[in-house]
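Below, each chain spelled out in residue letters.
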Amino acid sequence: MIFVIATSELEPGCRDKFIAIVKENIPLVRAENGCISYTLTGDYESGLSAQVKTGENVVTFVECWESMEHLKAHLAAPHMNTFREKVQGMRKSSTLKVLTPVC
């Protein structure tokens, strides 16, 4: 099992449109073989002092996949190519972490 944390800083004024495009794509991703979970998240006001705030224009996909092979198939899926085309120019920057349980 692997976890993916994919964070994007969006261009100003793109957040609502980006989220709408993600909402259209989520059912397709969740139906993929090997997808355990796939959620788009944003900052939550927790009141915890250790929390690092990212801001309104930052969104993070939190994903869980059965294997790296499933993640690679996801990234190559036709609906993901369409998704990337639709959001082209909306992201200022992106980072990716791929993690696995250690205990």
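Everything below is about the structure shown above.
1. Here we look at the packing of helix 1 (residues 15–30) against helix 3 (residues 78–87)
Orientation of helix 1 relative to helix 3, taken along the N-to-C sense of each, is 180 degrees, at an axis distance of 10 Å. Judged on the interaxial angle alone, helix 3 and helix 1 are roughly antiparallel. Here F18, I21, V22, E24, N25, L28 and V29 of helix 1 come into contact with helix 3, specifically with H79, M80, F83, K86 and V87. A breakdown of the residues in the contact of helix 1 with helix 3 according to their chemical character gives 8 nonpolar, 2 polar and 2 charged.

2. Description of the packing of helix 2 (residues 68–76) against helix 3
Where helix 2 contacts helix 3, the two axes come as close as 5 Å, and the packing angle between them is 55 degrees. With respect to helix 3, the axis of helix 2 lies oblique. For the pair formed by helix 2 and helix 3, the contact residues are H74, L75 and A76 on the first element and P78, M80, N81 and R84 on the second. When its residues are assigned to classes, the contact of helix 2 with helix 3 shows 4 nonpolar, 2 polar and 1 charged.

3. Re a nonpolar patch on the surface
Together, M1, F3, I36 and L99 make up an exposed nonpolar region whose accessible area comes to about 350 Å². Within the element layout of this structure, M1 appears in the segment before strand 1 (2–10). Looking at M1, the relative accessible area reads 48%, which means it is partly exposed.

4. Details of the pairing of strand 3 (residues 58–65)
Counting buried positions along strand 3 gives 7 out of 8 residues, so the element sits mostly inside the fold. Sheet analysis places strand 1 next to strand 3, joined by 8 bridges and oriented antiparallel. Paired with S8 across the bridge in strand 3 is V59. Relative to strand 3, strand 2 (residues 35–41) is paired through 6 bridges, and the arrangement is antiparallel. Bridge pairing links S37 to C64 in strand 3.

5. Here's the deal with helix 1
Between the first and last C-alpha of helix 1 there are 22 Å, a value that for 16 residues agrees with the 22 Å anticipated at 1.5 Å per step. Its maximal kink placed at E24, helix 1 deviates by approximately 35 degrees, while the proline P27 follows within four residues. Along helix 1, the positions that sit buried rather than exposed are F18, I19, I21, V22, N25, I26 and V29. Where the residues of helix 1 are buried, they touch strand 1, strand 2, strand 3, helix 2, helix 3 and strand 4 (91–99).

6. Some points on the state of the cysteines
Evaluated as defined, the whole model comprises 0 disulfides. Sulfur of C64: no disulfide; nearest cysteine sulfur belongs to C35 and is 8.2 Å away. Here C64 falls in the buried class, since its relative accessible area comes to 4%. Here C103 is not cross-linked by a disulfide; its sulfur's nearest cysteine counterpart is in C64, at 15 Å.

What counts as what
- Residues numbered from 1 in each chain as written.
- Predicted model: local features only at pLDDT ≥ 70, side-chain atom pairs only at ≥ 80, totals over all residues.
- Heavy atoms only, no water.
- Axes fitted to C-alpha atoms, helices over the stretch in contact; angles between N-to-C directions.
- Helix = DSSP H or I, 4+ residues; strand = E, 2+ residues; numbered from the N terminus.
- Parallel < 35°, antiparallel > 145°, perpendicular 65-115°, else oblique.
- Contact = heavy atoms within 4.5 Å.
- Nonpolar A, V, L, I, M, F, W, Y, C, P; charged D, E, K, R; others polar.
- Patch = residues over 30% accessible without salt bridge, like charges linked within 9 Å, V, L, I, M, F, W, Y side chains within 5 Å.
- Areas by Shrake-Rupley, 256 points an atom, 1.4 Å probe, with all protein chains shown as cover.
- Salt bridge = Lys/Arg side-chain N within 4 Å of Asp/Glu carboxyl O.
- Buried < 20%, exposed > 50% of the residue type's maximum accessible area, 1.4 Å probe, protein only.
- Pairing = 2+ DSSP bridges.
- Expected span 1.5 Å × (residues − 1).
- Bend = angle between axes of the 7 residues up to and from the residue.
- Disulfide = S-S within 2.5 Å.

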